[in-house]
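One-letter residues, chain by chain:
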Amino acid sequence: MLGRTASSLYWMSRYMERAENMARLLEVGYRISLMPGAVEGHRDEWRSTLQSSACDLAYAEKHDDITAAKVIQFLIFDEDNPSSIRASIKTARNNGRAVRTALTRDVWESINSTWNELAQVKPSSMTADRLPVFLDWIKQRVMSFRGALLGTMLRNDTYYFSQLGNFMERADNTARILDVKYFILLPKATDVGSDLDMQQWAQILRSVSAHRSYRWFYRDSKYRPWMIAEFLILKEEMPRSLVFTYYWTNMALDGLGQLYGKRYDCHDLAQQTYQRLKSGNMEQIFQSGLHEFLQDFITANAALSQSIATNYNFP
Amino acid sequence: MRLFIRHETQYDYDMPIAYSAQRLYLWPVDFATQKTVSWAIEAPGIEKALNYFDGFGNRVHMLTFQAIRGPVSIVAEGIVDCTDAAGVVRGLHSPAPDAIFLRLTKSTTPNAAIRALTDKHLSAKDILPGLHGLMNDIHIKVAYELGATHAHTTAAEAFADGRGVCQDHAHIFIAAARAAGIPARYVTGYLVTGMGASSTAAHAWAEALVPDLGWVGFDPANNTCPTDNYVRVAAGIDAAGVTPIRGSRRGGAMERMRVEVRVEIAQQ
Amino acid sequence: MSTVFNEMQGKGGAVREPYALIEQWLKTLSPKDVERALKEAEAIFRRQGITFAVYGDNQASERLIPFDIIPRIFAAAEWRRLSAGIEQRVRALNAFIHDLYHRQEILRAGRVPQDIIIQNEAFVPEMVGVMPSRGIYAHIIGIDIVRVAENEFYVLEDNCRTPSGVSYMLEDREAMMYLFPELFSQQRIAPVENYPAMLRQTLESVAPAACKGEPTVVILTPGIHNSAFFEHAFLADEMGVELCEGNDLFVSDGYLYMRTTQEPKRVDVVYRRIDDAYLDPLTFRPDSAIGVPGIFDLYRAGRVTLVNAPGTGIADDKSIYTYIPDVIEFYTGEKPLLKNVPTWRCGEKQDLAYVLDHLPELVVKEVHGSGGYGMLVGPTSSRREIEEFRHRLKARPKNYIAQPTLALSAVPTFTKSGVAPRHVDLRPFVLSGDRVRVTPGGLTRVALKKNSLVVNSSQGGGTKDTWVLED
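Because the structure is a prediction, the values reported are computed rather than measured. (Residues numbered from 1 in each chain as written. Chains lettered and ligands numbered in written order. Predicted model: local features only at pLDDT ≥ 70, side-chain atom pairs only at ≥ 80, totals over all residues.)

## Digging into the nonpolar core
A general tendency of soluble globular proteins is for nonpolar side chains to be buried together.
Inference 1: Membership of the largest hydrophobic core comes to 277 residues, with the highest contact counts inside it found for A:Ile228, B:Ile172, B:Phe173, B:Tyr186 and B:Ala206.
Inference 2: Contacts of B:Ile172, omitting those with residues within four sequence positions, involve B:Ile114, B:Ile138, B:Val142, B:Ala155, B:Ala158 and B:Phe159.
Inference 3: C:Trp344, C:Cys346, C:Leu362 and C:Leu376 belong to the second-largest nonpolar core, a separate cluster that totals 12 residues. (Core = buried A, V, L, I, M, F, W, Y, C linked by C-beta atoms within 7 Å. Buried ≥ 20, exposed ≤ 12 C-beta atoms within 10 Å, placed from the backbone. Contact = placed C-beta atoms within 7 Å.)

## Quick notes on the sheet that holds strand 6 (residues 72-82) of chain B
Residues and elements named next belong to chain B.
Inference 1: Spatially, the 4 strands line up as an open sheet ordered 3-6-1-15, and their pairing is antiparallel. The open sheet has two edge strands, strand 3 (34-42) and strand 15 (255-265), and neither has a second partner. Here the average twist between neighbouring strands, direction ignored, is 10 degrees.
Inference 2: Two strands pair when backbone bridges link them, and strand 1 (residues 2-13) and strand 15 are joined in this way by 11 bridges, in the antiparallel orientation. Each bridged residue has a counterpart across the sheet, and for Thr9 the counterpart in strand 15 is Val259. (Pairing = 2+ DSSP bridges. Helix = DSSP H or I, 4+ residues; strand = E, 2+ residues; numbered from the N terminus. Axes fitted to C-alpha atoms, helices over the stretch in contact; angles between N-to-C directions.)

## A few points about the interface of chain C and chain B
Inference 1: If you look at the interface, chain C gives 24 residues, while chain B gives 24 residues.
Inference 2: At the level of secondary structure, the elements contributing two or more residues to the side of chain C that touches chain B comprise helix 5 (114-118), strand 6 (249-252) and helix 10 (295-300) of chain C.
Inference 3: Residues belonging to the side of chain C that touches chain B are distributed by class as follows: 12 nonpolar, 7 polar and 5 charged. (Nonpolar A, V, L, I, M, F, W, Y, C, P; charged D, E, K, R; others polar.)

## Structural notes on the sheet that holds strand 15 (residues 400-404) of chain C
Residues and elements named next belong to chain C.
Inference 1: Pairing in this open sheet of 4 strands is antiparallel, and the strands run 12-15-13-14 from one edge to the other. In this open sheet, the two strands that pair with only one neighbour each are strand 12 (344-345) and strand 14 (375-377).
Inference 2: Taken together, the 3 bridges between strand 13 (residues 362-366) and strand 14 define a ladder with antiparallel strand orientation. Across the sheet, residue Val363 finds its bridge partner in strand 14, namely Val377.
Inference 3: The strands touched by helix 14 (residues 383-395) within the sheet are strand 13, strand 14 and strand 15, with strand 14 carrying the most contacts at an inclination of about 140 degrees.

## Let's talk about the interface of chain C and chain A
Inference 1: With 17 residues of chain C at the interface, the matching set in chain A holds 17 residues.
Inference 2: Going through the elements one at a time, helix 9 (229-239) and strand 5 (242-244) of chain C are the ones with two or more residues in the side of chain C that touches chain A.
Inference 3: In the side of chain C that touches chain A, the residues fall into 6 nonpolar, 5 polar and 6 charged.

## A closer look at the arrangement of the chains
Inference 1: The highest contact count of any of the 2 pairs of chains in contact belongs to chains B and C.
Inference 2: In this structure chain A stays clear of chain B, and the shortest span between their C-alpha atoms is 11 Å.

## Description of the pairing of strand 6 of chain C
A regular strand carries its side chains on alternate faces of the sheet.
Residue and element names in this part refer to chain C.
Inference 1: Bridging between strand 6 and strand 7 (residues 255-258) involves 4 bridges; their strand directions are antiparallel. Bridge assignment links Val251 to a residue of strand 7, and that residue is Leu256.
Inference 2: Where strand 6 folds back on strand 7, the antiparallel hairpin that results is connected by 2 residues, among which Asp253 adopts a positive phi of roughly 45 degrees.

## Here we look at the confidence of the model for chain B
Detailed reading of the predicted model is not advised wherever pLDDT is low.
Inference 1: Overall, the predicted model of chain B reaches an average pLDDT of 94, with 97% of residues at or above 70.
Inference 2: For this predicted complex, the interface score ipTM comes out at 0.94, while the overall pTM is 0.91. (pLDDT = per-residue confidence, 0-100.)

So this is what it looks like as structure tokens:
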């Protein structure tokens, strides 16, 4: 397989995942903005949406003030913002198009029709009331893409590189959401949160579609900040947790290692991170600093991405 | 005359080079009055370099190297025996049909001023004296001046400006000859530089096809036909086609180049 | 225009033999059937992503080429004659290119003027002396042919560089077989779907002599923004070869390799779909970012085969076109089986005078233009357009050739107002490698606008499936 093909598969999946994550973050932002008398005011909610999506700096370069309309435009339609939904789908589709022959027809058609339909959506038509339906549609399209991929692709290098892109993007996304709000997850003297705490905790869970699964998993169903952190970092049952994403990242890398009969430093890097997560416990993490832990993780994740690119000759 | 030549080109870079491909026209080809005693190219990757003859009879090397730090040095060095033949080149194998050397390229397209040169010198049936007159005229009208022109200066521009280096002199000569329907080609090589010679040791001149005589060299920069002080390396349609080193690279950031050419009379 | 040859109705109004079945079938189709079929066809093409990009048209930078469901049909005997002429022409073109880059016998013999070759931009001096594998230069040629009467065919132009459109030929057939399978069981239609296999065999057969074992073939594309990218991907897929961009290939120690996720892999044959000028920054345009540095040196040294060879454009240049009948005679010793369209060379005084006097009747083309741009179609142009063109023509006569306006044959086509005849041309594709192979049929392009003679897809043309009936 060409190094460029591998790179395109990786980025195709990464950008599809990014589009889905962005839709989810926007959903949370939108929800909060609807709440009357949100204590901090909804403007700050949109600020935190920008931060969680790592788009705050790019936004500030373009806009002086934060308004719902501007943030929505920037995160959905602005092609100057490489992480906007539109830019993400377009990049994913261009990568898919470049490796069209490596994809099954179902995968290609799912990605191609998503772009064709999205390209028809006029930014001016995106009024607040239409936002939820649109965001649902994006999530469904990405899920249909992922379904096509899982259901039709041969389990060879094509599949493994797609998987890598998918899970490394998800790992980055979950870590960032946690890091932006890490301070509200720190243990406190009392385990009873204020209304505001409750609201913020729920929001974190919603950002990763985990507000229901959390209750299912922790049957006493009360929000406890360290349990939320634990759920999103250390629980293999949770499909957006860091440990889960690294389990699958390692599976994909092992697949490549076996297929090609060769292991590289990316294999060691991924294994180290996974072991750290697998044997980790929240107490230790809190003691040595949640923020530091997340920052380390984000850095290690970026280094792994770089290492994969080098080891497999991405252009 | 036995000549010793050392032609070193050194490149230095701000960053390591990821990949580089270099094409060299740095190998003299023997003919009746020029015999190579020894010749070698030293460069990274030279031992596995591609090595072939092009359609004009030139020996070409193409080398590649990966992941190295500068400076990179390419050295062509050797000893060549030359005999004076008043510029006449015999016994050189070149498969290209002569008509190819009538092609007007960007740098060898004549303008009105160059056409006037053609009319003045190359109207008569006997063209050999005319070509000498042309060479002399260009030598007088175009002063040798380093830095007045650049690699892509055309014959028309240099002639209008009245200044240039050997490349420009050769291009003007070629443009004028081709305008008269006389095949002419661009030649690179080396020259023993004595006092007052208008050129550097790395040199270029022109060759024109003279009926019954064959290819004859003309060096308008020095107003002479090549003698046994000249070593002929490569010939093409114009300078761009036979650039001694042409390369492409990835990485390296900024590049600095230094060229040093030594040509000396060697002991027989 | 009154004597347009209708390929279905013929001259006297009686249905011509090859169309007998289709004519009956058309009668059975209700407007609803047609609508449904056209919709389905469009959906197939859209899903597959069979699009082409239109330069300078940002709005709809990816469009579908309209497809018409009524096939264009040749009888077996008809095709045998055509195909013999095509093959003769292709052999002559390859011999011509070889000669131009070696001894230039045809110039020495004075059959083609020296200047129009030597000073031609499409002539690549660096190709002089290069002997490609099997001596073949143009491995893939598309010849544009028009018909004006039962037995009168003309070659409009030769495409010896990187002719495109073969993917439409294949997809049109695919769509027809999907939509109307019954038509294919009722008569024997020569298959075209083995084209990719033939192409691969052709490409493998011209691997460098130095290549041992099974040659590795790749397609080199300028990338996803190229107007024909779909075709590049399609052919790579159908042939089972890698689709590479310039960055995927590199020269190392005298051989060509592709960058893979594992060890670099040797490449022997490159079917390149990028223009000569961009192929190699070491020899051609130094600013090319889509080429491969050093690939042309490998080619010259016989380490890799480039398909088509650089410099084949000299054989399809419009200024050379008028000499092709001489070219055929010179190299084959035979009379040309296929005729050229009579052509005036505006660079010649007498011809120019005639052309200027007859502009409203003529088609005037730019010598170096393509795609139907920069041309004048006299009969359908306004007086002002003609006068404007007259100025351009007078200013640079050498840049133009002129031809009579041919009454291109017409084939019934579905239009908004029902079935009506529309003008067509034909581009058969010819492969030259271990042997010469002519696709049975080719790409039929149809001018969808009433009375229009411009079939180019960039100017609103569509395509039809092309059938060659077997005996």
